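The primary structure of each chain is shown beneath.
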Amino acid sequence: MSPKTLYDKIWDAHVAHEADDGTCLLYIDRHLVHEVTSPQAFEGLRMAGRKVRAPEKTIAVPDHNVPTTAGREDPAQMTEESRIQVEALDKNAKEFGVHYYPVSDVRQGIVHIVGPENGWTLPGMTVVCGDSHTATHGAFGALAHGIGTSEVEHVLATQTLIQKKSKNMKVEITGKLKPGVTAKDITLAVIGETGTGGGTGYVIEYCGEAIRDLSMEGRMTVCNMAIEGGARAGLIAPDETTFAYCKGRPHAPKAGAWEQALEYWKTLYTDEGAHFDKVVTIKGEDIQPVVTWGTSPEDVLPITGVVPAPEDFEGGKVEAARRSIEYMGLTPGQKLTDIEIDTVFIGSCTNGRIEDMRAAAEVLKGKKIKEGMRAMIVPGSGLVRAQAEEEGLADIFREAGFEWRLAGCSMCLAMNPDQLSENERCASTSNRNFEGRQGYKGRTHLVSPAMAAAAAITGKLTDIRELM
Amino acid sequence: MKKFETFSGIAAPMPLVNIDTDMIIPKRFLKSIQRTGFGVSLFDEMRYNRDGSEIEDFVLNKPQYRSAQILIAGDNFGCGSSREHAPWALDDFGIKVIVSTSFADIFFNNSFKNGMLPIVLPQEQVDVLMKDAEKGENARMTVDLEAQEITTSDGEVIKFEVDAFKKHCLLNGLDDIGLTMEKEASIDAYEAKAGAERPWV
């Protein structure tokens, strides 16, 4: 048998039907659902008189629209339209009988944090959600990607997706990371290297010593942003770190089933000599703490750099860079560490897990944020929040001057009341720096949690290594 | 789904690269639970001032492009989020075809599900179409999916590739779910087999 990549193995194990032209029905093991991209899909089922084929494999949670302030059970905290979407999910979850974590449940949170935390996401599975950051679950060696609402309806009705196989891409991060460099810096550095379209048509497998050394939280951060590089899915082969994370989670297999699952999971790796259509190799020791300067996640530079000039680029990127620099209110040649920040946001499905909370707390311990700074930490789930409280991290945040919020997507996409105002500049641990992403005319610099915490203290984009 | 039929229409040039889903339809319009009515908000932040007045030099506000049915766009169109509201908004505005050197995967798929045709062409051919589009309302292009051809206003014919299954669905207006349900026996068989092999799933 010819050697297979990890992606080949998971793909092959999920083909329920293959047509002559290679179009496949890919069976879906876990379908995660949130309130923004699902109402039209449930409505479609209702109109056609269809049922959810596998409600036991379907998990719903509201996250995008929910307020993150205390007393959010009060509907008055939401806009009318947000309330309608959350209520629609309540109703649809009940009517179609899928698993559901309502806002009042301590396990509620961002769908991509809730899935792994409760053991829904396991190695070798196929996982989809009407959200591009579904790539997160690839950290478990699960084939996970975002889908549109028509596909959400298709999966609800048939538990399959119509798919053609993507190409294989290997991204290897060799060696060790230097102090101050995190999973977020790895994933941004990769996008800086490949561009936002570099992964289009591919599934990426991340490998190499620097990836192996990451915790599950770090691996999720890396895979989460595969989509920002254009790849629908990112994968990391499961290993002892993965198995240790999964063991004992509420929906992970137990007793004999655990042993059986483990035996299978240990076969999930890329065979020696398997073919990759594209290979990118980056030395771990070359990666520095990075920030974005523009309005595309590929606009990445080491924190020691300066704002580029449009002429530094070629082709269509010249005009795009000119537009970005103007939108961001920057000057070519300006040092990145001279950029002053108004707001700091720590959270999101990229960096809203317990390890991210710990990284921020380590920087903030015994410090105060700069006067006038607006700073918020939004844990990715109620369980992350509870653990951070228990570990004393929440006290550190409050004492430093941060707002300590309830779980949700919050200012990552600003669909709830957490938004930037015009020209407000934010150091953010989220995943997209698009125009208007965090609020109309808001300006976003993507950074790691430690760098975000550092910026909150100094009031500027800051090289974390100077605070270590 | 509606059938995709051959048509001639006005093409609007949008050469900017990396036009993302947040530009196409900003998140504040994602709160609807309907599939329609997004056209008026298409490209909202590029198209309107905060007071609701139009930004004159935005391409779709120019008189010659207000009824455009084709977009000729820069590289990596539709990158970002999975929101199907992006193709819904384009469709609702009247755009049926988008041409670029590349598209983000999820956007590309979502477009087909809504009877729209995203076309990938090499840079030189996109440049030809971009130039033609810049001529305004007199430059009507014809898109023939059956023949896989775009004809410029000068009569130049450009061939394009399209996945055979997707083409078949578009031309016949086929509903994916209905098609898949015809293969229910395969799904049942898969479930039985996978359930035995990996019972913990």
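Residues numbered from 1 in each chain as written. Chains lettered and ligands numbered in written order. Predicted model: local features only at pLDDT ≥ 70, side-chain atom pairs only at ≥ 80, totals over all residues. Heavy atoms only, no water.

Asks: Go over the overall build of chain B, please, and point to the residues and values.
Replies: Across its full length, chain B carries eight helices and seven strands. With the C-alpha coordinates of chain B rotated into their principal frame, the extents come out at 60 × 40 × 25 Å. Scored against the burial criterion, the 201 residues of chain B give a buried share of 56%. When contacts within chain B are restricted to residue pairs at least 6 apart in sequence, long-range pairs at least 24 apart make up 64% of them. (Helix = DSSP H or I, 4+ residues; strand = E, 2+ residues; numbered from the N terminus. Buried < 20%, exposed > 50% of the residue type's maximum accessible area, 1.4 Å probe, protein only. Contact = heavy atoms within 4.5 Å.)

Asks: Can you lay out the packing of helix H3 (residues 85-93) of chain B against helix H4 (residues 105-112) of chain B for me, pointing to particular residues and giving the numbers?
Replies: Residues and elements named next belong to chain B. Remark: H3 packs on H4, axes separated minimally by 9 Å, with the N-to-C direction vectors making an angle of 50°. If you check the angle between H3 and H4, you find them oblique. Crossing hand, H3 versus H4: right-handed. On H4, the residues that touch Ala86, Pro87 and Leu90 of H3 are Phe107, Asn110 and Ser111. When its residues are assigned to classes, the contact of H3 with H4 shows four nonpolar, two polar and no charged. (Axes fitted to C-alpha atoms, helices over the stretch in contact; angles between N-to-C directions. Parallel < 35°, antiparallel > 145°, perpendicular 65-115°, else oblique. Left-handed = near helix turned anticlockwise from the far one by under 90°. Nonpolar A, V, L, I, M, F, W, Y, C, P; charged D, E, K, R; others polar.)

Asks: I'd like a rundown of the packing of helix H2 (residues 39-48) of chain A against helix H5 (residues 149-158) of chain A, residues and numbers included.
Replies: All names here are of chain A. Running from amino to carboxyl end, H2 crosses H5 at an angle of 50°, the nearest separation of the two axes being 8 Å. As the angle between them shows, H2 and H5 are arranged oblique. The chirality of how H2 crosses H5 is right-handed. Two secondary-structure elements touch here, H2 through Gln40, Ala41, Phe42, Gly44 and Leu45 and H5 through Thr149, Val152, Glu153, Leu156 and Ala157. Per-class residue counts for the contact of H2 with H5 are six nonpolar, three polar and one charged.

Asks: How would you sum up the pattern of salt bridges? Please name residues and give values.
Replies: Residue and element names in this part refer to chain B. Using the criterion set out here, one finds 45 salt bridges over all chains in the structure. Residue Asp22 pairs with Arg83 through a salt bridge whose shortest N-O separation is 3.5 Å. Taken together, the residues Asp22 in helix H1 (residues 21-24) and Arg83 in the loop between strand S2 (70-73) and H3 connect sequence positions 61 residues apart. Taking relative accessible area as the criterion, Asp22 reaches 4% and is therefore assigned buried. (Salt bridge = Lys/Arg side-chain N within 4 Å of Asp/Glu carboxyl O.)

Asks: Before we move on, can you summarise the interface of chain B and chain A with the specific residues and values?
Replies: Facing 53 residues of chain B, the contacting portion of chain A comprises 76 residues. Summing both partners gives a buried area of about 5,300 Å² for chain B against chain A, and 57% of it is carried by carbon and sulfur. Sorting the residues of chain B by area buried against chain A places Lys27, Lys31 and Trp200 of chain B first, and these three jointly supply 15% of that buried surface. Residue assignment for the side of chain B that touches chain A shows that the elements contributing at least two residues are H1, helix H2 (44-47), H3, H4, helix H7 (176-181) and helix H8 (184-197) of chain B. Tallying contributions element by element places H8 of chain B first for the side of chain B that touches chain A, with seven residues. Considered class by class, the residues forming the side of chain B that touches chain A number 19 nonpolar, 14 polar and 20 charged. (Buried area = accessible area lost by both parts, 1.4 Å probe.)

Asks: Outline the packing of aromatic side chains, supporting the account with residue identities and numerical values.
Replies: Counted by the stated rule, this structure contains 18 aromatic pairs over all chains. Between Phe103 of chain B and Phe107 of chain B the ring centres are 6.3 Å apart and the planes differ by 10°, which places this aromatic pair in the stacked class. Comparing Phe103 of chain B with Phe107 of chain B, the two get one shared label, buried. Members of the aromatic cluster, each reached through a chain of ring pairs, are Phe243, Trp258, Tyr264 and Trp265 of chain A together with Trp200 of chain B. In this arrangement the basic side chain of Lys165 of chain A is found over the ring face of Tyr7 of chain A, its NZ or CZ atom lying 5.3 Å from the centre. Its end group placed over the ring of Phe112 of chain B, Lys166 of chain B keeps NZ or CZ at 5.5 Å from the ring centre. (Phe/Tyr/Trp six-rings, centres within 6.5 Å; stacked < 30°, edge-to-face > 60°. Lys NZ or Arg CZ within 6 Å of the ring centre and 35° of its normal.)

Asks: Which residues make up the sheet that holds strand S4 (residues 117-120) of chain B, and what values go with them?
Replies: Residues and elements named next belong to chain B. One open sheet accounts for seven strands, arranged S4-S3-S2-S1-S5-S6-S7; its pairing is mixed. Single-partner strands in this sheet number two, and they are S4 and strand S7 (157-159). For this sheet the average axis-to-axis angle between neighbouring strands, irrespective of direction, equals 30°. Note that strand S1 (residues 7-14) and S2 share four bridges and pair parallel. The residue bridging Met14 from the neighbouring strand is Ala73, located in S2. Sitting on the sheet, helix H5 (residues 123-133) touches S1, S2, strand S3 (97-100), strand S5 (140-144), strand S6 (149-151) and S7, and the angle it makes with S2 is about 125°. (Pairing = 2+ DSSP bridges.)

Asks: Give a description of helix H3 (residues 80-96) of chain A that names residues and reports values.
Replies: Think of an α-helix as 3.6 residues a turn; residues three or four steps apart then line up on the same face. Residues and elements named next belong to chain A. For H3, which comprises 17 residues, the first-to-last C-alpha distance of 24 Å matches the rise-based estimate of 24 Å (1.5 Å per residue) to within 8%. Where H3 is buried, its residues contact strand S3 (30-33), H2, strand S4 (58-60) and strand S5 (99-100). Where H3 ends, the next residue or the one after it, Gly97, has phi of about 70°, a positive value. (Expected span 1.5 Å × (residues − 1).)

Asks: Describe in detail the pairing of strand S6 (residues 126-129) of chain A, supporting the description with residues and values.
Replies: All names here are of chain A. Residues of S6 alternate between two faces, with Thr126 and Val128 on one and Val127 and Cys129 on the opposite face, all of them buried. Relative to S6, S3 runs parallel, the two being bridged by three bridges. Among the inter-strand pairings, Leu32 is bridged to a residue of S6, identified as Cys129. The sheet contact formed by S6 and strand S7 (residues 143-146) spans four bridges and is parallel. Directly across from Thr126, in S7, lies its bridge partner Leu143.

Asks: Describe in detail the nonpolar core, supporting the description with residues and values.
Replies: Of all hydrophobic cores here, the largest spans 85 residues; its most connected members are Val344, Phe397 and Phe402 of chain A together with Phe43, Phe77, Leu90 and Ile98 of chain B. Counting residues per element, this core draws most heavily on helix H16 (residues 449-458) of chain A, which supplies eight residues. Each residue touching Phe402 of chain A, except ones within four places of it in the same chain, is listed here: Val344, Ile346, Leu364, Ile369, Ala375, Met376, Ile377, Phe397 and Ala456 of chain A. Ile10, Val111, Met216 and Leu235 of chain A belong to the second largest nonpolar core, which has 61 residues in total. (Core = buried A, V, L, I, M, F, W, Y, C linked by side-chain atoms within 4.5 Å.)

Asks: Report on the pairing of strand S9 (residues 167-174) of chain A, specifying residues and quantitative values.
Replies: Residue and element names in this part refer to chain A. Where S9 meets strand S10 (residues 202-207), six bridges bridge the pair, whose relative direction is parallel. When the bridges of S10 are listed, Lys170 appears paired with Glu205. At this point the chain moves from S9, through helix H6 (residues 183-194), to the parallel S10, and the crossover so formed is right-handed. Where S9 and strand S12 (residues 278-283) come together, six bridges link them in parallel fashion. If you follow Lys170 over to S12, its bridge partner there is Val279. (Right-handed = clockwise from strand over helix to strand, strands pointing away.)

Asks: With reference to specific residues and values, describe the sheet that holds S3 of chain A.
Replies: Taken in spatial order, the five strands line up as S5-S4-S3-S6-S7 (chain A) in an open sheet, and their pairing is parallel. With partners counted over all chains shown, the strands left at the sheet margins are S5 and S7 of chain A, one partner each.

Asks: I'd like a description of unusual backbone geometry, backed by residues and values.
Replies: Residue and element names in this part refer to chain B. A positive phi is found at Phe43, a non-glycine position, where the angle reads about 55°. Tracing the backbone through its elements, the reader meets Phe43 in the loop between H1 and H2. Even without being glycine, Asn76 reaches a positive phi, approximately 60°. Residue placement: Asn76 occurs in the loop between S2 and H3. You can call Asn76 buried: its relative accessible area is 2%.

Everything listed is a geometric property; what it means functionally is a separate question.
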